[in-house]
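Working through the structure, step by step
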Amino acid sequence: MSESFCPRRVLVTGGAGFIGSHVADRYLAEGCEVTVLDDLSNGKRDRVPEAAEFVQLELNSHEVDSVFERGGFDLVNHHAAQMDVRVSVADPALDARTNVLGLLNVLECARRHETRRVVYISSGGVVYGEPTVIPTPENHPLRPLSPYGVTKLIGEQYLHYYARVHGMDYAALRYSNVYGPRQEPHGEAGVIAIFAARILEGESITIFGDGKQERDYVHVADVVEANWRASTRSLPAPDTIVARAWNIGTGRGTSVGKLADVLMAGAGCEVERVFEAARAGELARSVLDTAKAEQELEWRPAVPLEDGLEQTMRYIERRINSQRAADSP
Ligand SMILES: NC(=O)c1ccc[n+]([C@@H]2O[C@H](COP(=O)([O-])OP(=O)(O)OC[C@H]3O[C@@H](n4cnc5c(N)ncnc54)[C@H](O)[C@@H]3O)[C@@H](O)[C@H]2O)c1
């Protein structure tokens, strides 16, 4: 499929976050005018690219409409979300307020102001539940096991409705575990940042369960490329939600134990591994089949895990060193 749509004015929600800030950089590099909307609940102001306009707003704010009116966006890239599975279990209503009601506010603004395309970020780690097929394709049954998984899936269903009834164009990207520079060391998705920081500080790392649980780690640069393709390609008819969903991962599973091995080898040091009980509800394996993105978006992951880990390690090392320099009298 060829390049078909050339976005010029882009709104990136969650553009002060880990992934959204890299995506905003890419739209700017492609010559787009970029507005970042983020409430900084988890984002950082200094991650927002200087050339982007920044609006600090919560997704549900009435003022979002005037941002659309001023911006005249032809594309919205929606990365803002409550993305912590454990928070969603503890407070499903809070999760739904951001991931469902916040999304709906954005989509209603997009409909009123005739935004042509929405790139929506879903999660291949949660929408399938415990997968029965590995690597998992997009047409696997959708049976999320957490409120976060439910709200990510509902987002895809709302977009399908907007496409069918209002003619809004969209793409839903189902990420696996994304890693790379600017990632904060928290949450399950942050395991690489957490391990890297602790190994570089010479501190022990905690492994939940036996360390054999597998995840599909995709580098943020590959994710950025997938966003650009989803923003610019002509897309198949939105007949079903699967038609407009693409897994973005590597098709390759890496155990947590193996991840620790590679990071320690990269740092040239060994730290103690502390084993704790497996966390309730944690999936044994989550690896995505990316054949659909390869065929329809002509996208495939390009960053080998070892190179990506090395680069992430050096980034975290620089961050630790600059923090130390700032802390020293
Ligand atoms: N990191 C991963 O491995 C991964 C995997 C699958 C899907 N995702 C999805 O990718 C997206 C970005 O994830 P990330 O890792 O960059 O997380 P992040 O927390 O770094 O970025 C999310 C951003 O959204 C902002 N935000 C949150 N709630 C908001 C609200 N109500 N109003 C306005 N802004 C709000 C936060 O301040 C933050 O800057 C999320 O939608 C997440 O569900 C991430």
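Residues numbered from 1 in each chain as written. Predicted model: local features only at pLDDT ≥ 70, side-chain atom pairs only at ≥ 80, totals over all residues.

Moving on, we get to the packing of helix α8 (residues 256–267) against helix α10 (residues 305–327). Viewed as axis vectors pointing N to C, α8 and α10 meet at an angle of 55°, and their least axial separation amounts to 10 Å. Considered as vectors, α8 and α10 are oriented oblique to each other. In the packing of α8 onto α10, the handedness of the crossing is right-handed. Only Glu306, Leu309, Glu310 and Met313 of α10 make contact with α8, whose side of the interface consists of Val262, Leu263, Gly266 and Ala267. By residue class, the composition of the contact of α8 with α10 is 5 nonpolar, 1 polar and 2 charged. (Axes fitted to C-alpha atoms, helices over the stretch in contact; angles between N-to-C directions. Helix = DSSP H or I, 4+ residues; strand = E, 2+ residues; numbered from the N terminus. Parallel < 35°, antiparallel > 145°, perpendicular 65-115°, else oblique. Left-handed = near helix turned anticlockwise from the far one by under 90°. Contact = placed C-beta atoms within 7 Å. Nonpolar A, V, L, I, M, F, W, Y, C, P; charged D, E, K, R; others polar.)

Tyr170, Leu173, Ile192, Phe195, Ala196 and Val223 are the most contacted members of the largest nonpolar core, which has 85 residues in total. Each of domain 1 (9–179 + 217–248) and domain 2 (188–215 + 251–327) accounts for three or more of the residues forming this core. Discounting residues that sit within four places of it in the chain, Phe195 has contacts with Ile205, Leu259, Ala260 and Leu263. (Core = buried A, V, L, I, M, F, W, Y, C linked by C-beta atoms within 7 Å. Buried ≥ 20, exposed ≤ 12 C-beta atoms within 10 Å, placed from the backbone. Domains from an automatic or database assignment.)

Assigned domains within the chain: domain 1 (9–179 + 217–248) and domain 2 (188–215 + 251–327). Centre-to-centre, using C-alpha coordinates, domain 1 lies 24 Å away from domain 2. Facing the 30 residues of domain 1 at the interface are 26 residues of domain 2. Mapped onto the side of domain 1 that touches domain 2, the elements with two or more residues apiece are β7 (177–179), β10 (217–219), α7 (220–232) and β11 (245–248). For the side of domain 1 that touches domain 2, the element with the most residues is α7, which contributes 6 residues. Considering only residue class, the side of domain 1 that touches domain 2 consists of 16 nonpolar, 8 polar and 6 charged.

Time to look at the sheet that holds strand β9 (residues 214–215). Note: strands within a sheet are paired through backbone hydrogen bonds, in either parallel or antiparallel orientation. The strand order across the open sheet formed by 3 strands is β12-β9-β14, and the pairing between neighbours is mixed. Edge strands, defined here as strands with exactly one partner in the open sheet, are β12 (254–255) and β14 (285–286). Looking at chain direction, β9 and β14 are connected through 2 bridges and run parallel. Bridge assignment links Arg215 to a residue of β14, and that residue is Ser286. (Pairing = 2+ DSSP bridges.)

What follows covers the environment of Trp228. Tracing the backbone through its elements, the reader meets Trp228 in helix α7. Among the residues examined, Trp228 registers 20 C-beta atoms within 10 Å and is labelled buried. With 19 residues separating them along the chain, Trp228 and Gly209 place their C-alpha atoms 37 Å apart. Apart from residues lying up to four places away in sequence, Trp228 is in contact with Arg26 and Glu30.

With that out of the way, let us pick up the environment of Ser41. Mapping Ser41 onto the fold places it in the loop between β2 (33–38) and β3 (53–56). As for Ser41 and Ala163, which are separated by 122 residues in sequence, their C-alpha atoms are 30 Å apart.

The angle between the axes and the distance between the axes are what describe a pair of packed helices. Contact geometry for helix α6 (residues 191–200) and α10: axes closest at 9 Å, N-to-C directions at 60°. When the axis of α6 is compared with that of α10, the two are oblique. Regarding α6 and α10, the two cross each other, and that crossing is right-handed. Facing Ile192, Ala193, Ala196, Ala197 and Leu200 of α6, the residues of α10 in contact are Leu309, Thr312, Met313, Ile316, Glu317 and Ile320.

This part is about α10. With 23 residues, α10 extends 32 Å between its outermost C-alpha atoms, agreeing within 8% with the 33 Å of an ideal straight helix rising 1.5 Å per residue. What α10 keeps buried is the set Leu305, Gly308, Leu309, Thr312, Met313 and Ile316. In this structure, the buried side of α10 is in contact with β7, α6, β10, β12 and α8. (Expected span 1.5 Å × (residues − 1).)

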